[in-house]
Amino acid sequence: MKARTCWEAVCTVDDLVADSGIAVWTEDGPVAVFYLPHRLPALFAISHTDPFSGSNVLARGITGDLNGEPVVASPLYKQHFSLRTGRCLEDAGVQVKTYPVLLDGNRIRLEVPVAQAASVAA
């Protein structure tokens, strides 16, 4: 069975910075949203947590392009993560979570899992 998801509004277009990332909080935790206006699609979202350090820093990384792949370089240990797949280019066994992104008017929405309420015994 597929997990339930919802499209959560996390910021507006005015919050975005070209060729950079911003950190947003979602029901699924911290997420880094990147705006690369020279690419199609121009919006990407990955986990904000660097899996090598456990720190929430990926939105502050440097964006770029490695062999046609849009990436962000972690500001701590400089590993590159694909903005499309979340895969680490230096260590194929490491990957960060990616999120579908939707531009809804002026709002940026991310598809995130819906928190399941714990069942309460009567």
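For the structure, check the block above.
Residues numbered from 1 in each chain as written. Predicted model: local features only at pLDDT ≥ 70, side-chain atom pairs only at ≥ 80, totals over all residues. Heavy atoms only, no water.

Caption draft 1: Broad picture of unusual backbone geometry. Cis rather than trans, the peptide bond between Leu-40 and Pro-41 has omega equal to 0°. Tracing the sequence through the fold places Pro-41 in the loop between β3 (29–35) and β4 (43–47). Residues other than glycine seldom take positive phi values, yet Asp-19 does so here, at roughly 60°. Mapped onto the elements of the fold, Asp-19 is located in the loop between β1 (5–12) and β2 (20–26). For Asn-67, which is not glycine, the phi dihedral falls at a positive 55°. Relative to the assigned elements, Asn-67 resides in the loop between β5 (62–66) and β6 (69–73). (Helix = DSSP H or I, 4+ residues; strand = E, 2+ residues; numbered from the N terminus.)

Caption draft 2: Expanded view of the sheet that holds strand β8 (residues 101–104). Pairing is antiparallel in the open sheet, where 3 strands are placed in the order β1-β9-β8. Here the strands that pair on one side only, and so sit at the sheet edges, are β1 and β8. If you compare each strand with its neighbour and ignore which way they point, the axes differ by 35° on average. Summarising the sheet, β8 and strand β9 (residues 107–113) pair through 4 bridges and their orientation is antiparallel. Across the sheet, residue Leu-103 finds its bridge partner in β9, namely Ile-108. (Pairing = 2+ DSSP bridges. Axes fitted to C-alpha atoms, helices over the stretch in contact; angles between N-to-C directions.)

Caption draft 3: Local environment of the packing of aromatic side chains. On inspection of all chains with the given rule, the structure shows 1 aromatic pair. Centroid distance Phe-52 to Phe-81: 6.3 Å. Interplanar angle 45°. Geometry classified as tilted. Here Phe-81 lies in strand β7 (residues 80–82) and Phe-52 lies in the loop between β4 and β5, a separation of 29 residues in the sequence. For Phe-81, a relative accessible area of 0% gives the class buried. (Phe/Tyr/Trp six-rings, centres within 6.5 Å; stacked < 30°, edge-to-face > 60°. Buried < 20%, exposed > 50% of the residue type's maximum accessible area, 1.4 Å probe, protein only.)

Caption draft 4: Quick look at the pairing of β2. In this sheet, β3 lies alongside β2 in antiparallel orientation, the contact comprising 7 bridges. Directly across from Trp-25, in β3, lies its bridge partner Pro-30. Counting the residues in the hairpin turn of β2 and β3 gives 2 residues.

Caption draft 5: Representation of the sheet that holds β6 within the structure. One open sheet holds the 3 strands; their spatial order is β5-β6-β7, and the pairing between them is antiparallel. In the strand order of this sheet, the two ends are held by β5 and β7, each with one partner. Each strand of the sheet is rotated relative to its neighbour by a mean of 40°, with strand direction disregarded.

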